[in-house]
Amino acid sequence: MTILVTGSDGLVGSALRELISENVYFATRKDADLTNYQETESLFNRIKPEKVIHLAALVGGIGGNLMHSGEYFRDNLQININTLEAARKTNVSKLVSFMSTCVFPNEGPYPLTPETLHLGQPHPSNFGYAYAKRMLEVQSRAYRAQWGLDYVVAIPTNIFGPRDNFNLIEGHVVPALIHKTYLAKKEKTNLTVWGSGKPLREFVFSKDVAKITLWMLNNYSDSEPLILTSGTETSIRDLVECVVREMDFSGEINFDKTKPDGQFRKPSSNEALLERLPNFSFTKLSDGVKETVEWFNGNYPSIRK
Ligand code: GDP
């Protein structure tokens, strides 16, 4: 039995590589351009997977979303349409794909639950990405309804970990802050954080997401997407404190309020997850940040940036 993992050189893919090594094919952009249907189907015909973990996506933090809304909409829609269709045509029995809590309605209601997914507009800072990703839920539901396919969707919160994209402008907040802190320390400058520091986010460590993904591949068959969160909100200010502590940075910290705060908060419900995995223990934010910082320090400058 072969499992195909798309987008396997990303954050969750690299965590999965540490968990499984047999009967799995880790695909990257070099194997196929998933925005192209012919290439996508050829990959599936070549690997003949029985199950698929579909991680490939064009993603970024608030900066990337603001700059590339057209590309994030177009490429993610194409990648998902092509991947699920190639899976259907080649008789893949199980597929796990990924959205994110940033695709939910901007106004809540909170805590976010899967039923509220389509009930309102996403935050304007990431509407291109959000609408494309919402269609993943629709496509999976429609394929289940018409063809009985067991294609399920995970909704993680803000994922971080080793091998993240540490781009200063387009990356997510944890890797961007680690990289900025590194540079501020090296150049003996202030650390400039975007926004007010007040927004709240739920962070989840990539290795936890990889573990739950494997569990979903073998045990989760519900048409309702599953939110992956510990249910703990952290302010950006508290995150900054955690990062500077782990990076041993003692310089000055500024909050640049001309930069976007994005959505103020997006607390999500972990009720469905805990019902199924009551004993799952999420990595503490400080432990995850520590491990990510250690990886960053051990691999700089050959990091994704
Ligand atoms: P989001 O969770 O989808 O909004 O994406 P991000 O991971 O990009 O987090 C954005 C939040 O972190 C916003 O409130 C930003 O103002 C704040 N933030 C602070 N500094 C940075 C930074 O250097 N990069 C990013 N991406 N966000 C930052």
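See the structure above.
What comes next is a walk through the structure. Keep in mind the model is a prediction, meaning the values are calculated, not measured.

Looking at the secondary structure, you find Thr234 in strand β11 (residues 234-235). When its relative accessible area of 14% is taken as the criterion, Thr234 is described as buried. The residues contacting Thr234, other than those within four sequence positions of it, are Pro199, Leu200, Arg201, Phe203, Leu239 and Leu285.

Let us now look at the side chain of Glu85. On the secondary structure map, Glu85 appears in helix α4 (residues 69-89). Owing to a relative accessible area of 16%, Glu85 belongs among the buried residues under this scheme. Each residue touching Glu85, except ones within four places of it in the same chain, is listed here: Tyr37, Gln139 and Tyr143.

Where helix α6 (residues 173-187) contacts helix α10 (residues 285-299), the axes come no closer than 11 Å and their chain directions differ by 55°. Classified by the angle between their axes, α6 and α10 sit oblique to one another. For the crossing formed where α6 meets α10, the hand is right-handed. On α10, the residues touching Ile178, His179 and Tyr182 of α6 are Thr292, Val293, Phe296 and Asn297.

All right, on to the environment of Glu241 then. Structurally, Glu241 can be placed in helix α8 (residues 236-247). Classification of Glu241 as partly exposed rests on a relative accessible area of 42%. For the pair Glu241 and Ala130, spaced 111 residues apart in sequence, the C-alpha separation works out to 29 Å.

Calculation notes
Residues numbered from 1 in each chain as written. Predicted model: local features only at pLDDT ≥ 70, side-chain atom pairs only at ≥ 80, totals over all residues. Heavy atoms only, no water. Helix = DSSP H or I, 4+ residues; strand = E, 2+ residues; numbered from the N terminus. Buried < 20%, exposed > 50% of the residue type's maximum accessible area, 1.4 Å probe, protein only. Contact = heavy atoms within 4.5 Å. Axes fitted to C-alpha atoms, helices over the stretch in contact; angles between N-to-C directions. Parallel < 35°, antiparallel > 145°, perpendicular 65-115°, else oblique. Left-handed = near helix turned anticlockwise from the far one by under 90°.

Read these as geometric descriptors, not functional statements.
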